[in-house]
Amino acid sequence: MFDSPMDASLETQFTGDCLPPVDVHDGKDAVMVKAELPGMKKEEIDISLQEGVLTLSGERKGSRETDSGGATHCERWFGRFERSIRLPCEVDAKTVKAAYTDGVLTIELAKSEEAKPKQIKIQFN
Amino acid sequence: MNTVVNTLEQAAPAQPAALETEREYIRPAVNIYQTQEGYVLEAELPGVNKEGVSVQLEGNLLTVEGRRTAPALPETGLFYRETSDANFRRVFEMDPAVDTAKISARMEQGILTLTLPKAEAAKPRKIAVA
């Protein structure tokens, strides 16, 4: 289901049975990362940033106790996941904002001053 | 005997989705549990909130649709993409034992949970031997 072609430059790494689909957007001032993780609790998602690699991890648990019949149809995945994403540029680790709404995790990482595009003034004689 | 309390089965959409709009739909991942009261169906609809979800019953076909409300990431500057903006749609064939008047739905963090209780007459009952 999530067997999208891997972009070599992204150097994603993952462990676990399955991994959440991720989008990475390289904006002017910030890098936005979006991950689809339906049915979790905010507290169950771990986000870490180290040396330009953003790691999302946690455990997706079944939300209900099944009665005697059990699941008659099973397509959702549960279990531990860990996904590391190499960011396209340097970010400021102090200003990372994350939100979890409608099962979608959104992380906004402000670019460090060095990584922002700069206008170079050229003086003509 | 088993067929009397058959589970919900997947059915092909009554008409191709492409006829309605040009957009394609995503088939959400679904778990169906059988409980003592009936069935519980969980569908994964990430990016869809309560207002964006619709559950419709027509004859014995139950249609679940989810429209994403969150703004999509701008196309320019997209570095890597695995998700889709397409909406969700899936049709299920209902077990006739389900009491359609008592179906309830809940939406929480992108998971739609449908509770489909069986009519009293369809529930298993223990008959005492005199």
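Residues numbered from 1 in each chain as written. Chains lettered and ligands numbered in written order. Predicted model: local features only at pLDDT ≥ 70, side-chain atom pairs only at ≥ 80, totals over all residues. Heavy atoms only, no water.

To continue, consider the overall build of chain B. Within chain B one finds zero helices and nine strands. The buried share of chain B, reckoned over its 130 residues, is 43%. Considering only contacts within chain B whose residues lie at least 6 apart along the sequence, 62% involve residues at least 24 apart. Carbon and sulfur atoms make up 53% of the accessible area of chain B, which amounts to about 7,500 Å² in all. (Helix = DSSP H or I, 4+ residues; strand = E, 2+ residues; numbered from the N terminus. Buried < 20%, exposed > 50% of the residue type's maximum accessible area, 1.4 Å probe, protein only. Contact = heavy atoms within 4.5 Å. Areas by Shrake-Rupley, 256 points an atom, 1.4 Å probe, with all protein chains shown as cover.)

Next up on the list: the overall build of chain A. Regarding its fold elements, chain A presents zero helices and nine strands. Written out in order from the N terminus, the α and β elements of chain A read β-β-β-β-β-β-β-β-β. Sorting the 125 residues of chain A into buried and exposed places 38% on the buried side. Within chain A, residue pairs in contact and separated by at least 24 positions form 60% of the contacts whose partners lie at least 6 positions apart. Here chain A displays about 7,600 Å² of accessible surface, and carbon together with sulfur accounts for 48% of that area.

This part takes up the interface of chain B and chain A. Opposite the 37 residues of chain B that make contact, chain A presents 44 residues. Counting the surface lost from both chain B and chain A, the interface buries some 3,400 Å², and carbon and sulfur atoms represent 52% of this. Together, F79, Y80 and Q109 of chain B form the three largest contributors to the area buried by chain B at its contact with chain A, with a combined 23%. Salt-bridge contacts for E75 of chain A lead to R90 of chain B; the nearest nitrogen and oxygen are separated by 2.8 Å. At the boundary of chain B with chain A, the tally comes to 20 residue pairs in polar contact (both at pLDDT 80 or more). (Buried area = accessible area lost by both parts, 1.4 Å probe. Salt bridge = Lys/Arg side-chain N within 4 Å of Asp/Glu carboxyl O. Polar contact = N/O pair within 3.5 Å; in protein donor to acceptor, adjacent residues only side chain to side chain.)

Another aspect to go through is a nonpolar patch on the surface. Together, I120, I122 and F124 of chain A line one region of the surface with nonpolar side chains, adding up to about 440 Å² of accessible area. Given a relative accessible area of 61%, I122 of chain A falls into the exposed group. (Patch = residues over 30% accessible without salt bridge, like charges linked within 9 Å, V, L, I, M, F, W, Y side chains within 5 Å.)

On to the pairing of strand β8 (residues 104-108) of chain B, then. Residues and elements named next belong to chain B. Bridge analysis of β8 against strand β9 (residues 111-117) gives five bridges, and the strand direction is antiparallel. When the bridges of β9 are listed, A105 appears paired with L114. Joining the antiparallel neighbours β8 and β9 is a turn of two residues, in which Q109 adopts a positive phi near 45 degrees. (Pairing = 2+ DSSP bridges.)

A separate point is the confidence of the model for chain A. Residue and element names in this part refer to chain A. Summing up the model confidence of chain A, the mean pLDDT is 81 and the portion of residues at 70 or higher is 80%. Per-element averaging of pLDDT across chain A places strand β1 (residues 13-16) at the bottom with 48 and strand β9 (residues 104-111) at the top with 95. Note that pLDDT drops below 50 for residues 1-15; the model gives that stretch 31 contacts with residues more than four away or on any other chain. (pLDDT = per-residue confidence, 0-100.)

It is worth spelling out the pairing of strand β3 (residues 30-36) of chain A at this point. Residue and element names in this part refer to chain A. With six of seven residues buried, β3 is to be regarded as a mostly interior element. In this sheet, β3 lies alongside strand β2 (residues 22-26) in antiparallel orientation, the contact comprising five bridges. By the bridge assignment, H25 is partnered in β3 with M32. With antiparallel pairing between neighbouring strands as the criterion, β2 and β3 make up a hairpin whose turn holds three residues.

Right, let's get into the environment of E42 of chain B. Mapped onto the secondary structure, E42 of chain B falls in strand β3 (residues 38-44). Judged by relative accessible area, E42 of chain B falls into the buried class, the value being 0%. Along the sequence, E42 of chain B and K123 of chain B sit 81 residues apart, while their C-alpha atoms lie 21 Å from each other. A distance of 2.7 Å separates the side chain of E42 of chain B from the side chain of R76 of chain A, its partner in a polar contact.

Here the focus is the packing of aromatic side chains. Here the structure, examined in full by the defined rule, presents one aromatic pair over all chains. Judged by centre distance (6.1 Å) and plane angle (85 degrees), the rings of W77 of chain A and F81 of chain A are edge-to-face. Take W77 of chain A and F81 of chain A: they sit in the same class, and that class is buried. The ring of W77 of chain A is capped by R60 of chain A, whose NZ or CZ atom sits 4.4 Å from the centre of that ring. Sitting over the face of the ring of Y25 of chain B, R89 of chain B holds its NZ or CZ atom 5.9 Å from the ring centroid. (Phe/Tyr/Trp six-rings, centres within 6.5 Å; stacked < 30°, edge-to-face > 60°. Lys NZ or Arg CZ within 6 Å of the ring centre and 35° of its normal.)

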